[in-house]
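Here are the chains, one letter per residue:
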Amino acid sequence: MAGRISHALRLAQENNFDGDLMSLALSSDPSNMAQAAKYYETRGQPSKAVVLYQKAGCQKRALELCFSARLFDALRKIADDLSADSDPEILAKCAEFFMQHSQHEKAVHLLSMSNQYERAVELCCEHDVQITEDMAERMTPEKNSMDANQRADILSRMAKLCKKQGSFQLACKKFTQEG
């Protein structure tokens, strides 16, 4: 109540008031959140630590903890918050993790966000991932973003896969974009 959150956090840690610690940490600044996350990490409570690391802006540490503790739900939440502006290294690590655990649709989504279009299309082909219209748009490279032949090859492979999957309208669209 006095606004001395860092002292309250310290007292909560010293006296093992884990429930109070979480609510205090969530209402504090990023450095206090990260400190509380370290506490939860050392106490063997990685799910709470991940939440705090993510809110504190420590995406990489949150991801590393998700990977090591196999926190699939937390990792999905972090991946859902990622965008094309996110660190490419983080996008690649998440995509790799999802590939290793047979969650190919999520991996395709992350690969396309990180502009790894060829790899995304290849993954769809290898694991028969159903291509939706939204997914196809994400996997379509911008016109001047790469070599025209390379872009045409990606579009051709995607169109052939859509045709094979029975998405004829989507296949037609990709063949047209290919030229």
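The structure displayed is predicted, hence computed values, not measured ones.

Analysis parameters
- Residues numbered from 1 in each chain as written.
- Predicted model: local features only at pLDDT ≥ 70, side-chain atom pairs only at ≥ 80, totals over all residues.
- Heavy atoms only, no water.
- Helix = DSSP H or I, 4+ residues; strand = E, 2+ residues; numbered from the N terminus.
- Rg over C-alpha atoms; globule rule 2.2 N^0.38 Å.
- Buried < 20%, exposed > 50% of the residue type's maximum accessible area, 1.4 Å probe, protein only.
- Contact = heavy atoms within 4.5 Å.
- Areas by Shrake-Rupley, 256 points an atom, 1.4 Å probe, with all protein chains shown as cover.
- Lys, Arg positive; Asp, Glu negative; His and termini not counted.
- Charge placed at Lys NZ, Arg CZ, Asp CG, Glu CD.
- Core = buried A, V, L, I, M, F, W, Y, C linked by side-chain atoms within 4.5 Å.
- Salt bridge = Lys/Arg side-chain N within 4 Å of Asp/Glu carboxyl O.
- pLDDT = per-residue confidence, 0-100.
- Phe/Tyr/Trp six-rings, centres within 6.5 Å; stacked < 30°, edge-to-face > 60°.

Novice: Explain the overall build of the protein chain here, please?
Specialist: Along the protein chain, the regular secondary structure elements total 12 helices and zero strands. Each helix (α) and strand (β) of the protein chain, taken in turn from the N terminus, gives the series α-α-α-α-α-α-α-α-α-α-α-α. Over its C-alpha atoms the protein chain spans a radius of gyration of 21 Å, topping by over 25% the 16 Å that the globule rule assigns to 179 residues. Taken over the C-alpha atoms alone, the protein chain extends approximately 65 × 30 × 20 Å along its principal axes. The burial tally for the protein chain puts 41% of its 179 residues in the buried class. Within the protein chain, residue pairs in contact and separated by at least 24 positions form 40% of the contacts whose partners lie at least 6 positions apart. Counting every atom, the protein chain has about 9900 Å² of accessible surface; 49% of that belongs to carbon and sulfur. Once the 23 positive and 25 negative side-chain charges of the protein chain are each reduced to a mean point, those two points are 2 Å apart.

Novice: Can you help me understand the nonpolar core in this one?
Specialist: Note on soluble globular proteins: their nonpolar side chains tend to be buried together. Among the nonpolar cores identified, the biggest contains 56 residues, and Leu110, Ile131, Met139 and Met158 are the most heavily contacted of them. No other element matches the seven residues that helix H7 (residues 88–100) contributes to this core. What Met139 contacts, discounting residues up to four positions off in sequence, is Val108, Ser112, Tyr117, Ala120, Val121, Cys124, Ile131, Ile154 and Met158.

Novice: For this particular structure, what's the right way to read the pattern of salt bridges?
Specialist: For side chains of opposite charge, pairing can occur when their charged atoms come near one another. Across all of its chains, the model carries eight salt bridges by this definition. Residue Arg10 pairs with Glu14 through a salt bridge whose shortest N-O separation is 3.4 Å. In this pair, Arg10 and Glu14 both sit in helix H1 (residues 5–14), four residues apart, roughly one turn of the helix. Look at Arg10 and you get partly exposed, because its relative accessible area is 40%. What makes Glu14 exposed here is its relative accessible area of 52%. Of the charged contacts, one joins Lys173 and Glu133 as a salt bridge, the two residues approaching to 3.3 Å between their closest N and O atoms. Highlighted residues: Lys173 in helix H12 (residues 168–178) and Glu133 in helix H10 (residues 133–138), separated in sequence by 40 residues. Each of the salt bridges in this network shares a partner with another, and the network as a whole consists of Glu133, Glu137, Lys173 and Lys174.

Novice: Whenever I open this one, the confidence of the model for the protein chain confuses me. Can you help?
Specialist: Fine structural detail should not be taken from predicted coordinates in areas where pLDDT scores are low. Chain-level pLDDT for the protein chain is 87 on average; 99% of the residues reach the 70-or-more range. When pLDDT is averaged over each element of the protein chain, H12 comes out on top at 94 and helix H6 (residues 72–81) at the bottom at 80.

Novice: Mind showing me how you'd approach helix H8 (residues 104–113) here?
Specialist: Think of an α-helix as 3.6 residues a turn; residues three or four steps apart then line up on the same face. Burial within H8 is extensive, with seven of its 10 residues counted as buried. Along H8, the residues classified as buried are His104, Ala107, Val108, Leu110, Leu111, Ser112 and Met113. Within two residues after H8, Asn115 carries a phi angle of roughly 60 degrees, on the positive side.

Novice: Explain the packing of aromatic side chains here, please?
Specialist: Each pair of aromatic rings is reported with the distance of its centres and the angle of its planes. Tallied over the full model, the rule gives three aromatic pairs. For the ring pair Tyr39 and Tyr40, a centre distance of 5.6 Å and an interplane angle of 65 degrees mean the geometry is edge-to-face. Tyr40 shares its class with Tyr39; the two are buried. When the centroid spacing of 4.9 Å and the interplanar angle of 35 degrees are considered together, the rings of Phe67 and Phe97 count as tilted. Residue Phe67 is located in helix H5 (residues 59–69), and its partner Phe97 is located in helix H7; the two are separated by 30 residues in the primary sequence. Ring pairing ties together the aromatic residues Phe67, Phe97 and Phe98, which thus form one cluster.

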